[in-house]
Amino acid sequence: METVSYGHPCLVTAIAATTLLWAGLWAGLASAQSAGCTLERVAGTSRQIMRCADGVTVTAEGGARFQLVDSNGDGRPDSVSLRNRAVLVDVDSARRSGGFEVVTPQAIAAVRGTRWAVDVKNGTTSVFVVRGRVAVGRPSAGPRVVLTPGEGVDVSRTSGALTVRRWPQARAAALLARLGQ
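Residues numbered from 1 in each chain as written. Predicted model: local features only at pLDDT ≥ 70, side-chain atom pairs only at ≥ 80, totals over all residues. Heavy atoms only, no water.

1. Examining the overall build of the protein chain
Heads up, the rule is: Going along the chain from the N terminus, every DSSP run of H or I of four or more residues is numbered as a helix, and every run of E of two or more is numbered as a strand. Three exposure classes are used, based on accessible area relative to the maximum for each residue type with a 1.4 Å probe and protein chains only: buried under 20%, partly exposed in between, and exposed over 50%. Contacts are assigned to residue pairs that have any heavy atoms within 4.5 Å of one another. Throughout, the Shrake-Rupley method with a 1.4 Å probe supplies accessible areas, and for residues the shown protein chains are the sole cover considered.
From N to C terminus, the protein chain includes two helices and 13 strands. Of all 181 residues assigned to the protein chain, the portion counted as buried reaches 38%. Of the contacts made within the protein chain by residues no fewer than 6 positions apart, 38% connect residues no fewer than 24 positions apart. As presented, the protein chain carries roughly 9800 Å² of accessible surface, and 56% of it is formed by carbon and sulfur atoms.

2. Observations concerning the environment of G99
Examined against the element boundaries, G99 turns out to sit in the loop between β5 (79-91) and β6 (100-103). Residue class for G99 comes out partly exposed when judged on its relative accessible area of 29%. If near-sequence neighbours (up to four positions away) are discounted, G99 is found in contact with D78, V111 and R112.

3. Brief notes about the pairing of β5
Here is the rule we go by: In this description, strands pair whenever DSSP reports at least two bridges between them.
Looking at chain direction, strand β3 (residues 56-60) and β5 are connected through five bridges and run antiparallel. When the bridges of β5 are listed, V58 appears paired with V89. Note: strand β4 (residues 65-69) against β5, five bridges, orientation antiparallel. In the sheet register, V69 faces β5, and the bridge partner there is S79. Where β5 and β6 come together, three bridges link them in parallel fashion. Counted as the bridge partner of V80 is V102 from β6. With six bridges joining them, β5 and strand β8 (residues 115-121) adopt antiparallel strand pairing. Along β8, the bridge assignment pairs A86 with D119.

Printed below as a string of structure tokens:
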């Protein structure tokens, strides 16, 4: 870590970046609370859990950049916009009517009621299903694939076919461990 003296441009930049980070966190928290969701930090970790009254729970690993989105304006989120790192989404279909999506720069993962993890890094979105079924496709349309428990897909920015694979236990466990599972 570089040590910077008071008044140095790097310090001013660091303070501005920190201020923007906190402003973004508070804006996201206010948005979540107005959508019937509460945000809690997991003690002893950098993870956050967002619980919504309609049966949607989003667990985000530390450093994840995400935002809940209410695209139809009904006061409840219908998707998560994820820019980096990983989230675990649990949708209780008994309490939640309608679908729910995770939208990343490379993919859209959509469900009705299930539990799945989405990880964004190095220009690739990886989706892994714990429970239920998840449809995954690129935002630009094209064919979609449907994943079932234990299956995953890696979606890059290229236009190649999406290949569903049964994930090795070690890969699935590593992703889920980052999310406290």
